[in-house]
Structures are given as C-alpha cells and as structure tokens.
Amino acid sequence: MDLTIFTLVFCLHDVFVNCNPAPFVDVVVDRYEIPTVCPREVETEDFIRYHFNGTFYADGKKFDSSHDRGKAFISQVGLGRLITGMDRGLQGMCVNEQRRITIPPHLAYGSIGTGGVVPPDAVLVYDVLLLDIWNTEDKVQIRTLHKPTSCHRSTAASDFVRYHYNGTLLTGAAFDSSYSRNATYDTYLGQGDLIKGMDEGLLGMCVGERRIIIVPPFLAYGETGHGTEIPPQASLVFEVLLVDVFNPTDDLIVEVKEVPEGCTRRTATGDYIRYHYNGTFQDGTAFDSSYKRNSTYNTYIDMGYVIRGMDKALQGLCTGEKRRIIIPPHMAYGEAGVDHLIPGSAVLVFDIQVIDFHNPKDPVDIKVTHKPQDCKGTSEADDLIQYRYNCSLMDGTLLDHYDTPSITTLGADKVIPGLEEGLGGMCVGEKREVVVPPHWGHGENGAGEVPSSAVLFFELELVELNKGVPDGYMFVWLGDGPDLLFPAMDLNGDKEVPREEFTAFIMRQVEEGKGRLRPGVDADSIIQDMFNNQDHNKDGKIEEKCSVVKLRRVEKGTHDLY
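Residues numbered from 1 in each chain as written. Predicted model: local features only at pLDDT ≥ 70, side-chain atom pairs only at ≥ 80, totals over all residues. Heavy atoms only, no water.

Visitor: Help me get a handle on the pairing of strand E23 (residues 456-466), residues and values and all.
Guide: As defined by bridge partners, strand E20 (residues 384-393) adjoins E23 across ten bridges and the pair is classed as antiparallel. Counted as the bridge partner of Tyr389 is Leu460 from E23. Pairing of strand E22 (residues 431-436) with E23, which is carried by six bridges, proceeds in the antiparallel orientation. Pairing of Val435 across the sheet is with Phe457, part of E23. (Pairing = 2+ DSSP bridges. Helix = DSSP H or I, 4+ residues; strand = E, 2+ residues; numbered from the N terminus.)

In structure tokens form, the structure reads like this:
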C-alpha cells in the first residue's frame, strides 16, 4: 500500500516537472561588462566594495539599491557574511566589472523571506559593479614605470621629498592631483606626515623615477575615508613622479668636472669672481642661466652677496674650472623659495664655469716669456714705443689682435694703466704675458667688447723703442748744453742763424746724442716751431742778443732757448 502511494507521488512529481519551467538550481552569472585589464579577481576572504541594484526576478521590481543610498556596500566574501548566492556570484569578479547575478531562493532568503522586503521563495537579481578588492594580507604594491639610468641617491626615512602625483581609486576615478594645483607635494618621509602606505611606497625612489603605488585601505584612510572624494575602505592608486629629495643634515655637494692645467691660484674669501652657470632642479628642469643672458654673474666671494651654499662652493676654484654644485634648500632659498622661479624647499643644481677672478688689492701680474741677451735700454715714461699684442679674457676669448705694431707714448694716458705698467721696463724684442685686473683696466663699466669687471690677459712684444721727452717738451738736452748758445748755433760765425743753420745745429745735437726731439712728431715741424719762437722780429734769422745767458736745460712751452 505504501509503495503504491510513493509511486503515485513520484509520477505526479515527474508530470509537474516536465509540464512547468524548471526552477533555478544554482546561481546564474551574466558578465555583461568585463574590463580589458583585470589584475586581480575576487577570492574567498577578500574584502570588496561594490554598488548594486537588487530586483525580483518575477516582476523586475527593485527592492534595494546602494546607488539610491549613495553609499557602496562593503563586505567580506566567502565567510557567510553575505547570502550564499551572493558569496558564490561575486567570486572571480574584477574591479569595474558589471555582473547580473540571479540567485534562487534556497541560496537567498529561502521560504521565509526577510523583513517584509523579500517575500518567501523569491528569486533575486543583483546588478553589481565592483569598485574595490583588498585582503588583510595585502601589502603596498609598487610598480616602477620609469627609473633614470643614473641614480646617485634614493629616498630614505627622514628625507624631505617633493613629488607630483595623480591619485585615483581602483576604478580609475580621480580624487586628487598635484598637477592640477601646479605645485609638488612636499613632506618628510617616515615621520607620520603621510598615510602609512605612501610613506612605504615612496622609499627607495630616485629623482626622476615614476611609480604606481597601490595602497590598501587599512594603510590609507581605512573605515573613515577622507573628505568627499575618498570613500571608506578605499584602495588608493598613486602615480608618482619624484622631483626632489634631500635630508636636513645634507651639506653642499661639489663635483669637479674640469680643472685647467697649470692652475697657480685659487679663489679665496674677498675675491671678486665672474662665472657662467646653468641652474636646474634635481629633475633637470632649468630655472636660470647666465649663458642665455650672455652675461656672467659677478660677485664677491664669502661676503654674503649670494646664497650660503654658493658662497661656500665658490672657494678654491681655478680660472677656467668647471664644477657641478648641488645645494640643499637650507643652504639656498629654504622653505620660501623665490616667487615664480624657485619652489620652496628646492634643491638647486648649478653647473658653473669660472671665467676669471681677482682681488681688489691685486697688482698687475707680469711674466717675462722671452728677453734678448743684448738689452741696450728699457722703456720708461715719455718713451715712444711700438709693440705687438694679443688681448683676451681669461677664458681665452680673443678681444683684440694686431700683427701691425701699435704705437704709444708711455705715461701719456693713451692706454689703460695696467697695460702701461706691463709695457714699462721692456727691452726691444722682449715678450711678456701680463694679467691686468679690472681696477687696472676698464673697471666695473667695461668698454666695447670688454665685459664689466673683466680681468684681461695680454701677450706683448716690444718692437721698437724711441726714447722720449717729458710731457709738454719738444726737445731736451741729454746732459748740459752749451754755456753760450748763440755762438754754438752760429756755425759759420756770421752773427746770424737762419733756418737752415738752426736745423743743422739741432740735428747735430740729436745725432751726437746730446739732445733729443720728441719722438713720434715730425722733426722738421718741431724745428720750424722752435725757430719761429726764436725769430723775434720775424726776419727769417736768429740774431745774437746783447747779453749772454746760460742755456736752459730743456726746451719747453714757447721753445725759448736762452
């Protein structure tokens, strides 16, 4: 009897199954939007943050929505904190993936339903958008996008860093960017000024390095989130470019690039220096250049006219030397920086080349490179000389060059004082190298192609020397002249001296080395001038006067001879 009843029930059940649509046996997942890249899929024990719309399968009526509440749902997967069907349906999901998860009643709220919201035996449909995944075992993830070939220093705890960043959620939604503010983010590492994950993710970076740093929520802003842009329990993605790094204990760094041979003098406190430079930040961004202005930077050394680091770095340099100088901000412009030019707390890099330097007390430096063995006389004040020269700056820039000898009278203020000094005491054929500091040259104003405060380098050769006469004189006696001048001039003894006889007398004194005409001036014009001044009645001859007066030693002014 019992067997007959069971058989009947089974047959009726079989008829019912075959005559009506089959009920859902398991969760049905429709992955209708899958991201191209999926670096991580949901696994058991992962925490997730997601949005959803919940509807009934039967009529499509919505019974719940995180979108409507304006707050994503957060839970852990696979540990029974969700209905079983949801635990299963979320497995293997990617961030930014959208799924439709259909859950039969026995994997949802069963024959009882819940809270008057979900009726008994209801098939539920969830449209899900996954926003975040993390696990309590997660660590900060670092992916290097670019690392400079040369990395002299990497970040460490207690360093101060300046970096740019773009901050996004795992979905790609941006929450912050230093680029949009056009200012780096500046902070110390390892001192609690950053979220823990960022403190860790920035360690070991080089200036110019780019990284992706993924920070799980518990190493970021955790359950509270931050402001309106970072929700609770959000993983954060930072794309970081390290711009600068230094430590408050850093000193100046000097890299010597090039030192000229034969460096006999180095810069010291109180010297005045002219140098070219390119100024950059550590990432290579230029902020200033003397080359672009085509003008050296000129300053005194160690007297407080430049930043402290530069004052220190400019000591001990040779003319022509090249150095790279790295100056930490506490030896440069500090936290304030310079408006629109140098950010606060910026490390500065200067590539400098010394053009020249001098001290305000420097004399003219004279070096004899060749001196003839036979030196019959040396140049002095009032001498008329011919000389060849090359004039250049101390970096070798040629300013002036003459193959044809130049002519000047020493002491006549025709050349700069330093050159005058360098030309004194030379023998014909002698060669010299003369270094003229600016206070012996063209000074702070410069002249023509000579820059302000430039030290000049001359290569000199004395070609010809004509002994001179004092300024204002046209003829001098070398020693004592005749006691009775007229008889000496009256060569034929006829008591009168015409122009021709006067000329013969003067030229004889010159030829015999007893007198000297002013060099560089036509002798005939000098003698004519002298004769005219002695021909008082303008009759073309000089006549003997009644009294005899001793000859003056020098002929000056009006050229009176007695």
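Visitor: Let's hear about the nonpolar core: which residues, and what values?
Guide: Tyr50, Met86, Leu90, Ile103, Tyr126 and Val128 are the most contacted members of the largest nonpolar core, which has 25 residues in total. Within the residue set of this core, elements represented by two or more residues are strand E2 (47-56), strand E5 (98-103) and strand E6 (124-134). For this core, the element with the highest residue contribution is E6, accounting for five residues. When near neighbours in sequence (up to four residues on either side) are disregarded, Leu90 contacts Val42, Ile48, Tyr50, Leu82, Arg99, Ile101 and Val128. (Core = buried A, V, L, I, M, F, W, Y, C linked by side-chain atoms within 4.5 Å. Buried < 20%, exposed > 50% of the residue type's maximum accessible area, 1.4 Å probe, protein only. Contact = heavy atoms within 4.5 Å.)

Visitor: An account of the pattern of salt bridges is requested, with residue identities and associated values reported.
Guide: Summed over the entire model, instances satisfying the criterion amount to 32 salt bridges. Across the pair Glu209 and Arg211 runs a salt bridge, and its minimum N-O distance is 2.9 Å. For Arg211, a relative accessible area of 7% corresponds to the buried category. Ionic pairing is found between Glu321 and Arg323, a salt bridge with its closest N-O pair at 2.8 Å. Residue classification places Arg323 among the buried residues on the basis of a relative accessible area of 10%. Each of the salt bridges in this network shares a partner with another, and the network as a whole consists of Asp30, Arg100 and Asp127. (Salt bridge = Lys/Arg side-chain N within 4 Å of Asp/Glu carboxyl O.)

Visitor: How would you sum up helix H11 (residues 523-534)? Please name residues and give values.
Guide: Under the 1.5 Å per step criterion, the end-to-end length of H11 is 17 Å for twelve residues, consistent within 8% with the ideal 16 Å. If you check which residues of H11 are buried, you get Ile526, Ile527, Met530, Phe531 and Gln534. For H11, the buried positions fall inside an angular range of 130° around the axis, keeping them on one side. (Expected span 1.5 Å × (residues − 1). Arc of directions from axis to C-beta.)

Visitor: Any chance you could break down the UniProt feature "domain: PPIase FKBP-type" (unreviewed entry) in the protein chain for me, citing the residues and the numbers?
Guide: UniProt's entry tags residues 45-134, 158-246, 270-358 and 382-466 with the feature "domain: PPIase FKBP-type" (unreviewed entry), counted in the numbering of this structure. Secondary structure content for residues 45-134 is 11% helix and 39% strand, and the end C-alpha separation is 9 Å. Secondary structure content for residues 382-466 is 8% helix and 46% strand, and the end C-alpha separation is 9 Å. (UniProt positions renumbered as here; feature names shortened; annotations may be inferred.)

Visitor: Just give me the short version of the state of the cysteines, but keep the residues and values in it.
Guide: Counted under the stated rule, the structure contains four disulfides. Residue Cys151 pairs covalently with Cys206 via a disulfide, S to S 1.8 Å. Between Cys151 and Cys206, the disulfide has an S-S torsion of -95° and is therefore left-handed. Of this pair, Cys151 sits in the loop between strand E7 (141-146) and strand E8 (160-169) while Cys206 sits in the loop between helix H5 (196-201) and strand E11 (210-215), and the two are 55 residues apart along the sequence. Taking the relative accessible area as the measure of exposure, Cys151 reaches 32% and is therefore partly exposed. (Disulfide = S-S within 2.5 Å.)

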